[in-house]
Amino acid sequence: MAAIDRPLDYLVPDDLDGRVEVGTLVRVPLHGRRVRGWVVARASHPETDHPLQRVAKVTGLGPSPDIVELADWAAWRWAGPRVAFLRAASPPRAVRDLPTQSSPAGRGPGCNAPTGGEGRASVVSDAFSGGPAVVRLPPADDPFPVVAEGARRADALVLAPSVAGAAYLAARLRRAGHAVALLPDDWPQAAAGGCIAVGARGAAWAPRPKLGAVVVVDEHDPAYQEERAPTWHARDVVVERARRVGAPCVLTSPCPSLETLATTRVVTLARADERAGWPVVEVVDRRREEPGKGLFSDRLVALARQAGEGQRVVCVLNRKGRARLLACTACGELARCEACGAVVEEEDGSLRCRRCAAVRPLVCAACGSTGLKVLRMGVTRAREHLERLVGRPVAEITADAGGIPADASVLVGTEAVLHRVARAWLVAFLDLDQELLVPRYRAGEEAFGLVARAARVVGGRADGGRLLVQTRLPGSEVVDAAVHADPSRLAVVEMARRAAFGLPPERAVAALSGEGADAFARAVGAEPGVEVVGPMKGRWLVRAADHPTLCDALAAARRRRSRGEGRLRLSVDPLEL
């Protein structure tokens, strides 16, 4: 029931009997009005002696029985209402009949074999054998051979991190001779089968009569996780879905998430091939520069002036929602937390960590100086400075800006610029420390994902471009992994750090907030195997050794919760901690 997250019993009239199945969307009377609901089970006899009302109308087709069961699992896994998942799995418009099934998907012209030589072909083949796997492809490598291999199997499902990315893959598959259903608009075609279903996050629930394979492109992208509660993750949904039917599930990423590395088999290219798929990464250590140099190092200015005709220069500077930085005026070191390495800020004459709340005196940990300066410059002012330095027009690109001017050869903007530009000769991070020191436990992963995105814009070593990183933390594991084109260098350090602080994937975590969080935290804290930490800034954290323990505890506490306890926001696997 869309209005009430619990099953209600209704009688099915004889004239609707043949049209009502598990998953069917119906209209039923409730408190004097008709509301939408889903059929989640059918029985030959009612389980009550009370008179039952009748189903008023069949709206159309809905999730298949296996998706209804998957929605039950998801409601437990992310501690949310089953209705939220049934709604995500339903067509955007009423569907009363399915079209004729497309011709079975198979090898299309242009998809006879994965491209890139025997080495890459064997990697792709290995990924589709056995359990779920992640293929660690360097940024310059095209993931389409993996998609094409999955498309050879009946009723394959392909996910991309964005709607535009899904449309691009769908177009390539059609050109290769495959029948494609692009979700959500082509929901009926996907339900009919005999085609490849392609879509963004919501397509994880796409109807597939005989799911033959799942491919998730760029599984590390945070767009796969729903920000609103319940905070379900498309990657985890399709991995579970493939497991239930025994279908291969293959993920691709230049920098696999730690959650994936902890649970999934990793398939990699030869080291020489992986290095070739990353551009040359040049690091500018800003600690050694004279004070007052601003955002633009001499090396960056020289490269920007050196760029020739048709060689685009892109400068990235993130400020929205990022941490404020303090640096020592004597030695140039950034003010960081000695416990967890995050950024610290001045508060009441002390330095306070925004991640773990540790407090220390207002002094530089490297040299003992008490002189600290604030480092900050917005994108607009950066554009003005760069324009004067390079002596030519510079365009500003943000998420709110329009298109890129056709004659713009130098761009400066937030990370949105990396999604607007297909190719550049030089991409420079003006201040990577803004990404490295964000007070979130995933800061390192997110920063490296941004570097990988920039590397994709530049291309591999053979393309001749370069990636420039300006930082006061040249020894950071993120910078080290980028320079060596080896994501495992970051993963090893991050995994150890997460283990030390009891963070995912080492432990399963849920965040509680809202008026009812206090009472709920006490209730769930009484369950075995869980630990409740807080409150910190109005939020409680619930931790357990694994997801079954955590989700069982949350489900038990939710069953005992009364309506009078106030609003509660419950986020399992929160992105921001």
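Residues numbered from 1 in each chain as written. Predicted model: local features only at pLDDT ≥ 70, side-chain atom pairs only at ≥ 80, totals over all residues. Heavy atoms only, no water.

K.L.:
Help me understand the confidence of the model for the protein, please; the structure alone is not making it clear to me.
P.N.:
Detailed conclusions should not be drawn from predicted coordinates in areas where pLDDT is low. On average, residues of the protein score 90 in pLDDT, and 94% of them are at 70 or above. Counted against residues more than four places away or in other chains, residues 105-115, with its pLDDT under 50, gives 29 contacts. (pLDDT = per-residue confidence, 0-100. Contact = heavy atoms within 4.5 Å.)

K.L.:
Help me understand the nonpolar core in this model?
P.N.:
The nonpolar side chains of soluble globular proteins are, as a tendency, buried together. Ranked by internal contacts, the top residues of the largest apolar core, which has 59 residues, are Leu159, Trp205 and Leu554. Element by element, the count of residues in this core is highest for helix 1 (residues 65-77), at 7 residues. Contact partners of Leu554, with chain neighbours within four places excluded, come to Ala79, Ala510, Phe520, Val524, Leu570 and Val572. Listed in part, the 39 residues of the second largest apolar core include Ala395, Val451, Val479 and Leu490. (Core = buried A, V, L, I, M, F, W, Y, C linked by side-chain atoms within 4.5 Å. Buried < 20%, exposed > 50% of the residue type's maximum accessible area, 1.4 Å probe, protein only. Helix = DSSP H or I, 4+ residues; strand = E, 2+ residues; numbered from the N terminus.)

K.L.:
When you look at the environment of Ala160 in this model, what are you seeing that I'm missing?
P.N.:
Considering the arrangement of structural elements, one finds Ala160 in the loop between strand 5 (157-159) and helix 5 (163-175). Ala160 gets classed as buried once you look at its relative accessible area, which sits at 2%. Counting along the chain gives 64 residues from Ala160 to Tyr224, while the straight-line C-alpha distance between them is 8.5 Å. Sequence-distant contacts of Ala160, defined by excluding residues within four places in its chain, comprise Gly165, Ala166, Leu169, Gly199, Ala200, Arg201 and Tyr224.

K.L.:
Got a minute to help me understand the packing of helix 17 (residues 517-525) against helix 18 (residues 547-560) in this structure?
P.N.:
A packed helix pair is summarised by two numbers, namely the angle formed by the two axes and the spacing between the axes. For the pair helix 17 and helix 18, the least separation of the axes is 9 Å and the interaxial angle reads 125°. One way to sum up the angle between helix 17 and helix 18 is to call them oblique. Relative to helix 18, helix 17 is oriented so that their crossing is right-handed. Contact with helix 17, carried on its side by Phe520, Ala523 and Val524, involves Ala553, Leu554, Ala557, Arg558 and Arg560 of helix 18 and no other residues of that element. A breakdown of the residues in the contact of helix 17 with helix 18 according to their chemical character gives 6 nonpolar, no polar and 2 charged. (Axes fitted to C-alpha atoms, helices over the stretch in contact; angles between N-to-C directions. Parallel < 35°, antiparallel > 145°, perpendicular 65-115°, else oblique. Left-handed = near helix turned anticlockwise from the far one by under 90°. Nonpolar A, V, L, I, M, F, W, Y, C, P; charged D, E, K, R; others polar.)

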